[in-house]
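Structural characterization, general
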Amino acid sequence: MLYLVPSPIGNLQDITLRALDVLKQVDVILAEDTRNSARLLNHFQIQKPLTPYHQHNEHKVLQHLVDQLVAGKNMAVLTDAGTPGISDPAFLLVRECIRNNVKVETLPGATAFVPALVNSGLPINRFCFEGFLPLKKGRQTLLKKLATEERTMVFYESPMRLVKTLEELQTYFGPDRQAAVSRELTKLFEETKRGTLAELAQYFGTKPVKGEIVLVVEGTTA
């Protein structure tokens, strides 16, 4: 069986009791970064073999992992923060498990975009999750398309690109579109800043930006 196990996005106490039980019971843990996963496991006194599983090797190790799962091994996927498959590796392995009749179980738990969305103050009855915007190819085309999106939009962004993205969104969405930026969720310096795209670009353009970023943008009302 394959388990997808959400890990805390900051505060280690956000891991579930069920997640800890699964991590104690599986034969091996597939870790996006074995160092980060080791720190988490050590904190909860869990000793299990760790195997690297990340975006740079997921194609290469895919068949080997499926063969082991078909043979009866129990594995857990553990990404650095949040739920595996949400802008992190997992999709390819899940798809192959389904094709090979390997049972897949996804545990509920931490993911960054849900608290950021709820905390934004923007409508959440309908929303779309876009993850990270393309860095180059297709970026402008996607932004033009999203400019007419009526649902609230959720993006992940790096601190280095946040201001640039806010400025680009102003170009395509207009400077007065409402938005919210959440960073360092569940951590000591957690911050949520709300305002127009223009106000947010100005605010974050005058200070160093650190931490994981979730950007929530109002849909068009036109």
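Here goes a summary of the coordinates provided. (Residues numbered from 1 in each chain as written. Predicted model: local features only at pLDDT ≥ 70, side-chain atom pairs only at ≥ 80, totals over all residues. Heavy atoms only, no water.)

What sets the pattern is the α-helix's 3.6 residues per turn: residues three or four places apart point alike. Here helix H7 (residues 162–173) spans 16 Å end to end across twelve residues, near enough to the 16 Å set by a 1.5 Å rise per residue. Residues Leu 162, Thr 165, Leu 166, Glu 168, Leu 169, Gln 170 and Phe 173 constitute the buried set of H7. Close packing links the buried residues of H7 with helix H6 (139–146), strand E7 (152–157), strand E8 (178–183), helix H8 (197–204) and strand E10 (213–217). (Helix = DSSP H or I, 4+ residues; strand = E, 2+ residues; numbered from the N terminus. Expected span 1.5 Å × (residues − 1). Buried < 20%, exposed > 50% of the residue type's maximum accessible area, 1.4 Å probe, protein only. Contact = heavy atoms within 4.5 Å.)

Time to look at a nonpolar patch on the surface. A contiguous nonpolar surface patch, about 230 Å² in accessible area, is contributed by Val 114, Val 118 and Ile 124. Here Val 118 falls in the exposed class, since its relative accessible area comes to 53%. (Patch = residues over 30% accessible without salt bridge, like charges linked within 9 Å, V, L, I, M, F, W, Y side chains within 5 Å. Areas by Shrake-Rupley, 256 points an atom, 1.4 Å probe, with all protein chains shown as cover. Salt bridge = Lys/Arg side-chain N within 4 Å of Asp/Glu carboxyl O.)

Moving on, we come to the side chain of Ser 120. Within the secondary structure layout, Ser 120 lies in the loop between helix H5 (113–119) and strand E6 (127–132). Residue Ser 120 is classed as buried on the basis of its relative accessible area, which comes to 4%. Aside from chain neighbours lying at most four places away, what touches Ser 120 is Ala 180, Arg 194 and Val 216.

Spatial ordering of the open sheet is given by E3-E2-E4-E1-E5, a layout of five strands whose pairing is parallel. Edge positions in the open sheet fall to strand E3 (50–52) and strand E5 (104–106), since each of these has one partner strand only. Here the average twist between neighbouring strands, direction ignored, is 25 degrees. Examined bridge by bridge, strand E1 (residues 2–4) and strand E4 (residues 75–78) share three bridges and lie parallel to one another. Bridge pairing in E4 places Leu 4 opposite Val 77. (Pairing = 2+ DSSP bridges. Axes fitted to C-alpha atoms, helices over the stretch in contact; angles between N-to-C directions.)

At their nearest, the axes of helix H3 (residues 58–70) and helix H4 (residues 91–99) sit 10 Å apart, and the two run at 35 degrees to each other. Relative to H4, the crossing made by H3 is right-handed. Only Leu 92, Leu 93, Glu 96 and Cys 97 of H4 make contact with H3, whose side of the interface consists of Glu 58, His 59, Leu 62, Leu 65, Val 66 and Leu 69. A breakdown of the residues in the contact of H3 with H4 according to their chemical character gives seven nonpolar, one polar and two charged. (Left-handed = near helix turned anticlockwise from the far one by under 90°. Nonpolar A, V, L, I, M, F, W, Y, C, P; charged D, E, K, R; others polar.)

The phi dihedral of Gln 45 falls on the positive side, at around 55 degrees, and the residue is not glycine. With respect to the element layout, Gln 45 can be found in the loop between helix H2 (34–43) and E3. The exposure class assigned to Gln 45 is exposed, which follows from its relative accessible area of 73%. One non-glycine residue with positive phi stands out, namely Asn 101, at about 60 degrees. Taking the relative accessible area as the measure of exposure, Asn 101 reaches 74% and is therefore exposed.

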